[in-house]
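Examining the three-dimensional arrangement
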Amino acid sequence: MSSVLTIRGGVPLTGRVTVRGAKNLVPKAMVAALLGSEPSVLRNVPEIKDVEVVTSLLQLHGVTVVKDPATGDLTLDPKDAKTASSTAIDAHAGDSRIPILLCGPLIHAIGEAFIPDLGGCKIGDRPIDYHLNVLRQFGAVVEKRPGGIHISAPNGLHGAKISLPYPSVGATEQVLLSATRAEGITELSGAATEPEVVDLIAVLQKMGAIISVQTDRTIRIEGVKDLGGYNHRALADRNESASWASAALVTRGDIFVEGASQRDMMTFLNTYRKVGGGMDIGDDGIRFYHPGGKLTPLVLETDVHPGFMTDWQQPLVVALTQAEGVSIVHETVYENRFGFTDALARMGANIQVHRECLGSVPCRFGQRNFLHSAVISGPTPLRGTEIDIPDLRGGFSHLIAALAATGTSRVTGIDIINRGYERFTEKLAGLGADFDLTTTK
């Protein structure tokens, strides 16, 4: 099945959307339930593809996953955890990168793990070498097999002193999920400290883990023999919140994002205000709107937390095509994240991408021949066109460009947006977008 959106642009998006739990936390918290000896309850769970994939993988491994139809809360019971057939697991190959994070918990629960070939957005290398090297340092044995990787630990997992060459979120999560029940103490330096990582630490602490985060990006985990369950409300998805904020700006609209959290979005909010976006911050969410007048160009550099998130960059670039003057965006997290600008150029945007580091300091991509800096000149009228969505955030960026453009756009490949945006077509309809959705076999 494939879906196509036919969008008639030029209509400001106005109204209200609700943002639930973060895509970058919820699937990981679901995996963490495998570490416990008792059921866990996860609240504020969005209906997205990654949740479906992890639910299926957990069920294959004997975990009972029950969804409350009224609240959407998940109850996860790992008491009957078991080995799953490689054929069944392999059916999920290519669906998501989350399965790699099952390794540590599965080794603790059943002694082994099989991870299928991994999918995910094509925005950069994102190798799993970090994960495999981490697991080896804990004492795991990694074997490449047809269709995936088999991981075991004949002598159990043991605490280790680990240093990451780059503060990778996924590798940090791998350490946390593996170290909590490993024998001894684990010290992780160069760790990622994103709000979703801190929320995962909160989940693990509720289960009985002993984890401390120091100011120099060092995380110390004292392994414990057993963990219980948790009852946790996932933090709101700051990436989806920022995407709707950019949609309001690009379409000259007015959107209240229920659930948006000021605390987790401060860097974005500062940048949004500098561009010229309006906002009203409340206890239950944030109103984002175009206040009229001209948008202001800026120089922007993505970075790990607490810097400007790479996932915020792509939707905001669409807004920068409407700013008066030249903006410069330097991407330092993923090397291939500017591929989405090709479609924007076809729509009339004036965007040039460069191999040079056009930021304040050279980054790790500067000597590797990647197009990782962009110069955006505006304002430029956008025109409807044919678009095939390349990845999650780039795809949402294409959508809001089409919604702001003059004329009609035909957007294919939209199913990938379901990985991170809950009921996005329903939300677009509620905001007054003019589109048709067709599904074909």
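Residues numbered from 1 in each chain as written. Predicted model: local features only at pLDDT ≥ 70, side-chain atom pairs only at ≥ 80, totals over all residues. Heavy atoms only, no water.

1. Looking at the packing of aromatic side chains
- For the structure shown, the criterion picks out eight aromatic pairs.
- By way of ring pairs, the aromatic residues Phe268, Tyr272, Phe288, Phe308 and Trp312 are connected into one cluster.
- Stacked on the ring of Tyr289, the Lys or Arg Arg287 has its end atom at 4.0 Å from the ring centre.
- One Lys or Arg, Arg364, reaches over the ring of Tyr166 and ends 3.6 Å from the middle of that ring. (Phe/Tyr/Trp six-rings, centres within 6.5 Å; stacked < 30°, edge-to-face > 60°. Lys NZ or Arg CZ within 6 Å of the ring centre and 35° of its normal.)

2. Here's the deal with the confidence of the model for the protein chain
- Residues with a pLDDT of 70 or more make up 96% of the protein chain, whose mean pLDDT is 92.
- This model gives residues 119–126 a pLDDT under 50, and the stretch forms 24 contacts once residues within four places in sequence are excluded. (pLDDT = per-residue confidence, 0-100. Contact = heavy atoms within 4.5 Å.)

3. Structural notes on the sheet that holds strand 19 (residues 350–354)
- Across the sheet, which stays open at both edges, the four strands sit in the order 17-18-20-19 with mixed pairing between neighbours. Two strands bound the open sheet, and with one partner strand each, they are strand 17 (299–301) and strand 19. Direction aside, the axes of adjacent strands within the sheet are offset by 15 degrees on average.
- Relative to strand 20 (residues 373–378), strand 19 runs antiparallel, the two being bridged by five bridges. Bridge pairing in strand 20 links Val353 to Ala374. (Pairing = 2+ DSSP bridges. Helix = DSSP H or I, 4+ residues; strand = E, 2+ residues; numbered from the N terminus. Axes fitted to C-alpha atoms, helices over the stretch in contact; angles between N-to-C directions.)

4. Some points on the pairing of strand 18 (residues 325–330)
- Pairing between strand 17 and strand 18: three bridges, direction parallel. Each residue of the ladder has a partner; that of Leu300, found in strand 18, is Val329.
- Read from strand 17 through helix 10 (residues 310–320) to strand 18, the crossover connection turns out right-handed.
- Where strand 18 lies against strand 20, six bridges are found, and the strand directions are antiparallel. The residue bridging His330 from the neighbouring strand is Ser373, located in strand 20. (Right-handed = clockwise from strand over helix to strand, strands pointing away.)

5. Some details on helix 8 (residues 238–250)
- Along its 13 residues, helix 8 runs 18 Å from first to last C-alpha, staying within 8% of the 18 Å computed at 1.5 Å per residue.
- Of all 13 residues making up helix 8, 13 are buried, and the element is well covered by its neighbours.
- In this structure Asp237 caps helix 8, since a side-chain oxygen of it lies 2.9 Å from the backbone nitrogen of Asn239.
- After helix 8 finishes, the residue Arg252 shows a positive phi value of roughly 60 degrees. (Expected span 1.5 Å × (residues − 1). Buried < 20%, exposed > 50% of the residue type's maximum accessible area, 1.4 Å probe, protein only. Polar contact = N/O pair within 3.5 Å; in protein donor to acceptor, adjacent residues only side chain to side chain.)

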